[in-house]
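Residue-level listing of the chains:
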Amino acid sequence: MGIISEREVLQPAVAASAEPAGAYIGARVARPNAKRHLEGRGTYVDDVVLARMAHVVYLRSPIAHARIGNIDTEAARTMPGIIAVVDGKQIAQLCTPWVATLAHLPGMKSAPQYPLAMDKVCWQGEPVLAVVAESRRQAEDALQTITVDWQELPAVCKMETALDAATPLIHPELGDNLCFSKTIDTGGVDDAFAAADVVVEETYRFGRHTGVTMETRSVLADYSPADHKLTVYQSHQAPHMMQDLYARHFSLPESSVRVICKDVGGSFGIKVHSYPDDFATVALSILLKRPVKFVADRLESFTSDIHAREHIVHTRLAAKANGEILAFEIDDVTGVGPYSVYPRTSAIEGNQVLNITGGPYKHKEYRGHLKVVLQNKSPTSQYRGVGHPIACAVTECIVDLAAQKLGIDPLLMRKMNVMPDDGYPCSGASGIKLEKLSHEQCLAKLEQMMDYAGLRQEQESLRKQGIYRGIGLAVLVELTNPGAAFYGVGGARIAAQDGATLRLDPTGIVTCLVGVGEQGQGTETIFAQIAADAVGVPMDRVRVITGDTDVTPYGGGTWASRGAGIGGEAVLLAGQALRENLRKLAAVVLKKDIELMDVRNGKVVDSVSGEVLIELAELGRIAYFRPDTLPAGALPELVVSRNYAQRDFPFVFTNGVQASYVEVDVETGFVKLLKHWVVEDCGRVLNPMLVDEQIRGAVVQGIGGAMFEECLYDDNGLLRNGSMADYLVPMASEMPDIEISHVETPTLTSQLGAKGAGEAGTAGAPAAVMNAINDALAPLNARVAEQPVTPEKILRALGVL
């Protein structure tokens, strides 16, 4: 895969002096921590070894729905190294249950959930029993000797029939299998469809898939009964959220709980949730008064990690004969497993689909229905993109279908209908509030990048030779930099703000502590760049510390593409404040006018001539070790904390456009990805190298969902392909070159002007690829409307199967 990157800046209506300037922000800076990882010196949870540490494995349900009868653990308890065999009732004495709902999603319901199943199991993979031993191997051996009398119950597998009267109830106390429903209706949809010259409709199906992180979920809990302190090492995205949950469910003061997230081997949203085995592992440490480690193996991850994306969306579009889009209508049904995932819930993905469908376009009428249903499959929740890939595919595929029916070029159809660049701020038909986007600029740049007209000529020429190539487009919006509208207003204790503390050490090193952690996306590099420019020091003089609730300021962590936009802004504000304090201190030490001094390259200099007046290391030496030489009275602080929350909009939206060029072998159904283009507007680009890495990885992940990845279940709710031998993920040899370009429309909600960039690639790639495949099949009057698009589905569309 190759990356070509260009940048075009659309300056906002704000004075240039309001933007931070320096040597690092906006530069292509390599990751300072890359060499440490390359040398194998990362520290993951499984690398942490504590005295008297025990290991736990969980007996998980092998079936989708059953009552738990007799459990025979006698043989297991007598095996070498076994410390304890613990069931759900014992754990429940220590840990309170949870119900994952949000107040701003009215009518949502879910059953109480416990760390270990109590009387019945509701999905294959639900943890039932904990086996604790001196080693993982001993625990695994003992697990094999345990027998359980499973009293199988009917499984609810198909979300289409989950609400039928004949379908059994998973939780009878809830009254039905409906978790959540919602409708958005602008009121004029029926009139718009009645007035339309063309109405197109299609039903899209999306297969559920999962994250497959390089490092599996892992947790090491260490409870100290002497001081009633709980320390948890965890591979997670939101350490402060987990600190709060552990404190509340184990009745501990939050100050007595410390969560440490060292290196995290990928997350993609899989590790932003809490899991039953997280709480069970903590409970075991409290019960046994010793450290207990749990590391999921790859096989159990397929049924214990959250899944996502299982939707059936019936879609309609109304348009005039000239191509003007009048209205969208969708009816979305999504299955989320037997419980809503705690604490972010399992309704957010469907809610996002409802809100974002039709997002790039200027139509006035929209109606969307959403039903989130329970089923006996692995729980689903937020995963990279969170509804965006579904909403984008639904929108862009139906737009292509309308263009095809009207005989209008797909690019022209989009140019006619996207929101104009000079029309902001405004609201979309679904009610989303948009600050400033650049659809027209992005489409213009994409057309030039890919030589759209030339590709169409090439496509036509090759069709005459029996070679079927297709061009697919996808215009998208992506929500980033969320405020409290995501979770806080619903009652979830997930911080919408983030904090940063910057400290000048005596040697002139600047230590930067941030609540947003590093998951492999380059956050630490971005923070070092921002801190270096904000304070005025070389980047190699900045040390970044993240992922420790005892050390870093309170924050929300990394999710929803908020790291640079929220955490980075906090670093900037703290850095600017520290720089000002350094100038004040230098004015005291040097007895000079503060207005005549600045901090540059680790030195205090004359702001006019640039003459070096004093090194920061010398300033630190005086402040820390010889304050007696300074005048009486308070001195400027060398430790500064600042917090930032984005409060101007519920979310700060980004936008972009993607294109895919494919070739379909109509005899085998195989698709060759020839080229992929991305034009992305993520606001101010802080590090083009890292942004392009994020976009490329996200595009590949999006292509995975579009063509390869799917969790396949049988009629009994059992996963059929829960291994790396059977679950397909995209490989480098199958991926096309990805050419990337940028338009920059900085947000005015912050000084940095940065929006998020981590999920847009995933959002747009599935739609672009599916549209390209359908464009290739168009001369044969064939069409696919189901992801992943497999060779079998293509051949079926062609009438071969």
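Residues numbered from 1 in each chain as written. Predicted model: local features only at pLDDT ≥ 70, side-chain atom pairs only at ≥ 80, totals over all residues. Heavy atoms only, no water.

In this section: the overall build of the chain. When helices and strands are tallied, the chain shows 19 helices and 32 strands. Against the 2.2 N^0.38 benchmark of 28 Å for 801 residues, the chain shows a C-alpha radius of gyration of 28 Å, consistent with a compact globule. Taken along the three principal axes of its C-alpha coordinates, the chain extends 90 × 70 × 50 Å. Scored against the burial criterion, the 801 residues of the chain give a buried share of 63%. Restricting to contacts in the chain with at least 6 residues of sequence separation, those with at least 24 account for 80%. When the accessible surface of the chain is totalled, it reaches about 28800 Å², and 51% of it is carbon and sulfur. Side-chain charges of the chain comprise 74 positive and 96 negative groups, with the mean position of each set lying 4 Å from the other. (Helix = DSSP H or I, 4+ residues; strand = E, 2+ residues; numbered from the N terminus. Rg over C-alpha atoms; globule rule 2.2 N^0.38 Å. Buried < 20%, exposed > 50% of the residue type's maximum accessible area, 1.4 Å probe, protein only. Contact = heavy atoms within 4.5 Å. Areas by Shrake-Rupley, 256 points an atom, 1.4 Å probe, with all protein chains shown as cover. Lys, Arg positive; Asp, Glu negative; His and termini not counted. Charge placed at Lys NZ, Arg CZ, Asp CG, Glu CD.)

Time to look at unusual backbone geometry. Put simply, Tyr-342 and Pro-343 share a cis peptide bond, and its omega is -5 degrees. By the secondary structure assignment, Pro-343 is in the loop between strand S17 (325–335) and helix H9 (348–356). You will see that Phe-268, though not glycine, has its phi angle at about 60 degrees, which is positive.

Reading across from one edge, S8-S18-S17-S16-S9-S32 is the order of the six strands in this open sheet, with mixed pairing throughout. Looking at the sheet topology across the chains shown, the edges are occupied by strand S8 (178–185) and strand S32 (786–787). (Pairing = 2+ DSSP bridges.)

Further remarks concern the environment of Pro-746. Locating Pro-746 in the fold gives a position in the loop between strand S31 (737–744) and helix H18 (760–777). Considering only alpha carbons, one finds Pro-746 and Ala-768, 22 residues apart in sequence, at a separation of 26 Å.

Residue placement: Glu-215 occurs in the loop between strand S10 (209–210) and strand S11 (218–224). Owing to a relative accessible area of 13%, Glu-215 belongs among the buried residues under this scheme. Once you skip the residues sitting within four places of it in the chain, Glu-215 turns out to touch Tyr-44, Val-45, Ser-235, Asp-263, Val-264, Gly-265 and Lys-271.

Bringing the side chain of Arg-60 into the picture now. By the secondary structure assignment, Arg-60 is in strand S2 (residues 54–60). Under the relative-accessibility criterion, Arg-60 is labelled buried at 13%. Within the local environment of Arg-60, its side chain forms a polar contact with the side chain of Glu-300, the two groups lying 2.6 Å apart. If we skip the residues at most four places from it in the chain, Arg-60 touches Gly-125, Glu-126, Pro-127, Asp-277, Phe-294, Glu-300 and Ser-304. (Polar contact = N/O pair within 3.5 Å; in protein donor to acceptor, adjacent residues only side chain to side chain.)

Bringing helix H14 (residues 523–535) into the picture now. For H14, which comprises 13 residues, the first-to-last C-alpha distance of 18 Å matches the rise-based estimate of 18 Å (1.5 Å per residue) to within 8%. Downstream of H14 by a residue or two, Gly-536 has a phi angle that is positive, lying close to 100 degrees. (Expected span 1.5 Å × (residues − 1).)

Right, let's talk about the pattern of salt bridges for a bit. For the structure on display, the rule yields 49 salt bridges. With its nearest N and O atoms 3.9 Å apart, the salt bridge here joins Arg-217 to Asp-278. One end of the pair, Arg-217, is in the loop between S10 and S11; the other, Asp-278, is in helix H7 (residues 276–288), with 61 residues separating them in the sequence. By relative accessible area, which is 3% here, Arg-217 ends up buried. A salt bridge links Arg-503 to Asp-505, with the shortest nitrogen-to-oxygen separation between them at 2.6 Å. Judged by its relative accessible area of 26%, Arg-503 is partly exposed. A single network of salt bridges, built from pairs that share partners, joins Arg-60, Arg-136, Glu-140, Arg-217, Asp-277, Asp-278, Asp-297, Glu-300 and Asp-305. (Salt bridge = Lys/Arg side-chain N within 4 Å of Asp/Glu carboxyl O.)

Caution is warranted with low-pLDDT regions, since their predicted coordinates should not be read in detail. Looking at the chain, pLDDT values average 95 and 97% of them are 70 or higher. A low-confidence stretch, residues 1–19 stays under pLDDT 50, and its non-local contacts, those more than four residues away or across chains, total 53 contacts. (pLDDT = per-residue confidence, 0-100.)

Further remarks concern the nonpolar core. Membership of the largest hydrophobic core comes to 166 residues, with the highest contact counts inside it found for Tyr-246, Phe-250, Leu-284, Leu-317, Met-450, Ile-703 and Ile-773. Here Met-450 is in contact with Leu-455, Ile-471, Leu-473, Ala-659 and Trp-677, once residues within four sequence places are set aside. One finds Ile-25, Met-539, Ile-614 and Val-640 within the second-largest nonpolar core, a separate group that totals 49 residues. (Core = buried A, V, L, I, M, F, W, Y, C linked by side-chain atoms within 4.5 Å.)

What follows deals with the packing of aromatic side chains. In this structure the tally under the stated criterion is 14 aromatic pairs. Residues Phe-486 and Trp-559 carry aromatic rings whose centres are separated by 5.8 Å and whose planes lie at 80 degrees to one another, so their mutual orientation is edge-to-face. Taken together, the residues Phe-486 in the loop between strand S21 (468–480) and strand S22 (498–504) and Trp-559 in the loop between strand S24 (542–546) and helix H15 (563–590) connect sequence positions 73 residues apart. For Phe-486, a relative accessible area of 5% corresponds to the buried category. Judged by relative accessible area, Trp-559 falls into the buried class, the value being 8%. Each ring, one from Tyr-487 and one from Trp-559, has its centre 5.3 Å from the other, and the planes form 70 degrees; the classification is edge-to-face. In this pair, Tyr-487 is assigned in the loop between S21 and S22 and Trp-559 in the loop between S24 and H15, connecting sequence segments 72 residues apart. Each member of the pair Tyr-487 and Trp-559 is classed as buried. Through a chain of ring-to-ring contacts, three or more aromatic side chains come together here, namely Trp-98, Tyr-246, Phe-250, Phe-279 and Tyr-342. (Phe/Tyr/Trp six-rings, centres within 6.5 Å; stacked < 30°, edge-to-face > 60°.)

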